[in-house]
Amino acid sequence: LNDPSTSINYKKFMNNLRAKITSQWVQGKITNFDFIMHMNSFAGRTYNDLTQYPVFPWVLSEYDCEEIDLNDPKVYRDFSKPMGDQHENRAAQFRDRYEALEQSYEMGDGPPPFHYGTHYSCAAYVLYYLMRLEPFSRLALSLQGGKFDVADRLFHNIGASWSSASSENLQDVRELIPEFFYLPDFLVNSNMFDFGTTQLGKTVHDLTLPKWAKGDPKRFIRIHRQALESDHVSRNLHQWLDLIFGYKQRGQEAVTALNTFVHVTYEGQVDLDSIEDPVERESIIAQIQNFGQTPSRLERRPFPQRVVVSAFKEKGVDFSSLPSLAMLTPPFCVVGAPQRVYLRVSTVDTCKVGMAGQIDSSVGDMCLVRGQLVGVGRTCALILPLRKYIRFGGPNNGVSLHVAMTSARYREVNKVLSIHDGMHRGPISVAKPSLNGLWLVTGGMDSTVRVWKYNSQNMQLQATLCGHDGGRITCLDVSTTFGSIVTGGTDGKILVWDLRTLTFLRQLNHAPSKPMSAHDGSAKCFAVKSVSINHKNGNVVTLLHSTLCVFDINGNLVANQSPDVEFEGNHMPSCAIATDCPEWMELGIVAVSGHMNGDVRLWGMDYESELLILRHVVPENVHSCPITALRVSGDKQDTLLVGDKSGKMSACTTLKLDQLNASELTSLVAEVQSGSTDGPFALSDGC
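Figured I'd write up the structure that's included with this text.

## A closer look at the sheet that holds strand β19 (residues 503–507)
- Taken together, 4 strands build an open sheet; the order of strands is β16-β17-β18-β19 and the sheet is antiparallel. The open sheet has two edge strands with one neighbour each: β16 (473–479) and β19. Across this sheet, the average inter-strand angle for adjacent strands is 25°, counted without regard to direction.
- Sheet topology places strand β17 (residues 484–489) next to strand β18 (residues 494–498); 5 bridges connect them, and they run antiparallel. By the bridge assignment, Ile485 is partnered in β18 with Trp497.

Right under this line is the structure:
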């Protein structure tokens, strides 16, 4: 077991991994948010410990203006300085304190010198920010002896908190927490706690947001995340990382940078085992737990600066910059020109796998393997990691497992690997494996949903979920990332279930684009056609009759089709899927719909009007009958797989700038330089 030739050098392994992730960040392959989270993890910070919660920077310094320009460097904090050095008047007082403590320490009196008696991260600060959200509300109550702190000291105004931490309060140098960049819920007092009234007579309820947020927590979070991912922050974030995780964390560099804290907050500064006095020992432990802990130091050299590139130069397009821009381009947007969406068909094929026994040639699922389009029939679903597929809908009321693609082990496509009978009381109408291949969710003609754990050819029943009012289950989706299952049926209900506890969560109240009495109980109920989960933010795209909607993970309606957009007859949508577009990428495609006439439409979202906006219709008319299957493929979310009722499949890829001719590039450069995003994007026939 201790053979040095086989054991892993943990420290070397982690250093190599950190160097790899740092290199990816420098090259623009991961976001600033993800990189900061990685650094927090390497430094021992975790959501599971309030005393060592992940640390994130204050990004903006402007909280009073009506509108904010994220291209203006003046709206950002100084990343080269800690919070205590953001304003010179207060910084001078911290320097004086350090010099006084240093003199006392040199004379043998007092602790080692420090600039700040408080810290930028501690359990109390985490609870201060998250007090509106359970279970942090209860933890905040227990910290304050059963009641919330005085109203004036609570987190009630983000602009006031910035002023306190950056300039006004000598005891406050706190930074932020990750939730400021993705979770609008913590800004709203949805639990209706009584936080009291300030001395000025203001009742503390929802957080007071900056004017540029227009009173909308989602808008604040979206703009705040865009600020974190902006070019200015990308160019300067390495300086903040030096202060928190790097060479300016300790020693003379920290003193010069005005970045030293009480000595017990640093890793390895106190040997608790050597302290014999139990009272002193408990006192130091309490001080470490309550006053904050400095993250482990990761680097003794400066962090490298991130490379920030642009596709468009004064003289034209810099094609060498495109690989750096690709990973952070919104789904289906043109790399280098994300204001544009344009797909072209790259592959057309016919579905042949899993067709036996079907009454028609409809495509049920597809994937792209080494550039080859692989599809299976309507009563099949691919298990992507295993390169297998399951077939359902047979009289055995179960599923069978088959080979989808040949391999060294399996040389025969469609070969039956296992059969699982009696999984429902009636035929299975829909089945969906999780992306990791470990879970299978099935819906039956008997209106029940069953959750199975798939383990080496064994199907283990985890739960039977009942909630649909008769009729068959028509569609479902499962996300292991967010631990959620969404199901739709012929009863018109869309239900959300918790994959972890296998219990009902909520029903989504679908809003039709025009009044139809599917939901007011006076007329026919329409079956749900599609449900699809965004694996980046948990949003759910739903298609009921002809109406497309997007809900957030908590069941709130985020956007729906404009009342002006109505589909009738052959133009009706037949299926829809969500992309993995994060909410802060405003230009990205959030949903794709396939239609009865073979059209494929890509939808963006207008966050101001909360409407879905048609961004693109795939131009080549490859499909002329109902679209039955859609899948977004590729790490970069730039390939769309489409299958129809006739068995025809196509792969559509996002246009690349190097595929344009000179005149098209010239017009696109002019468009980018003028800031226009809504003019026609004409391509020549030869393009």
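## So, the environment of Pro217
- Mapped onto the elements of the fold, Pro217 is located in helix α7 (residues 217–228).
- Exposure remark for Pro217: the relative accessible area of 18% places this residue in the buried category.
- Along the primary structure Pro217 and Ala404 are separated by 187 residues, whereas in three dimensions their C-alpha atoms are 46 Å apart.
- With sequence-adjacent residues up to four places away left out, Pro217 is seen in contact with Pro184, Leu187, Val188 and Leu209.

## Some points on the packing of helix α1 (residues 10–26) against helix α2 (residues 32–42)
- In contact at an axis separation of 10 Å, α1 and α2 are set at 165° when each is read in the N-to-C sense. If you check the angle between α1 and α2, you find them roughly antiparallel. Here α1 runs over α2; the crossing is left-handed. For the pair α1 and α2, the contacting residues are Met14, Leu17, Arg18, Ile21, Thr22 and Trp25 in the first and Asn32, Phe35, His38, Met39 and Phe42 in the second.
- Residue composition of the contact of α1 with α2, by class: 7 nonpolar, 3 polar and 1 charged.

## A closer look at the nonpolar core
- By size, the foremost hydrophobic cluster in this structure holds 73 residues, and its most contacted members are Leu60 and Phe180.
- Residue assignment for this core shows that the elements contributing at least two residues are α1, α2, α3 (88–106), α4 (123–129), α5 (136–143), α6 (158–168), α7 and α8 (231–244).
- Among the elements that make up this core, the one with the highest residue count is α2 (6 residues).
- If near-sequence neighbours (up to four positions away) are discounted, Leu60 is found in contact with Ile68, Leu70, Val75, Tyr76, Arg77, Trp162, Trp212, His224 and Ala227.

Analysis parameters
Residues numbered from 1 in each chain as written. Predicted model: local features only at pLDDT ≥ 70, side-chain atom pairs only at ≥ 80, totals over all residues. Heavy atoms only, no water. Pairing = 2+ DSSP bridges. Helix = DSSP H or I, 4+ residues; strand = E, 2+ residues; numbered from the N terminus. Axes fitted to C-alpha atoms, helices over the stretch in contact; angles between N-to-C directions. Buried < 20%, exposed > 50% of the residue type's maximum accessible area, 1.4 Å probe, protein only. Contact = heavy atoms within 4.5 Å. Parallel < 35°, antiparallel > 145°, perpendicular 65-115°, else oblique. Left-handed = near helix turned anticlockwise from the far one by under 90°. Nonpolar A, V, L, I, M, F, W, Y, C, P; charged D, E, K, R; others polar. Core = buried A, V, L, I, M, F, W, Y, C linked by side-chain atoms within 4.5 Å.

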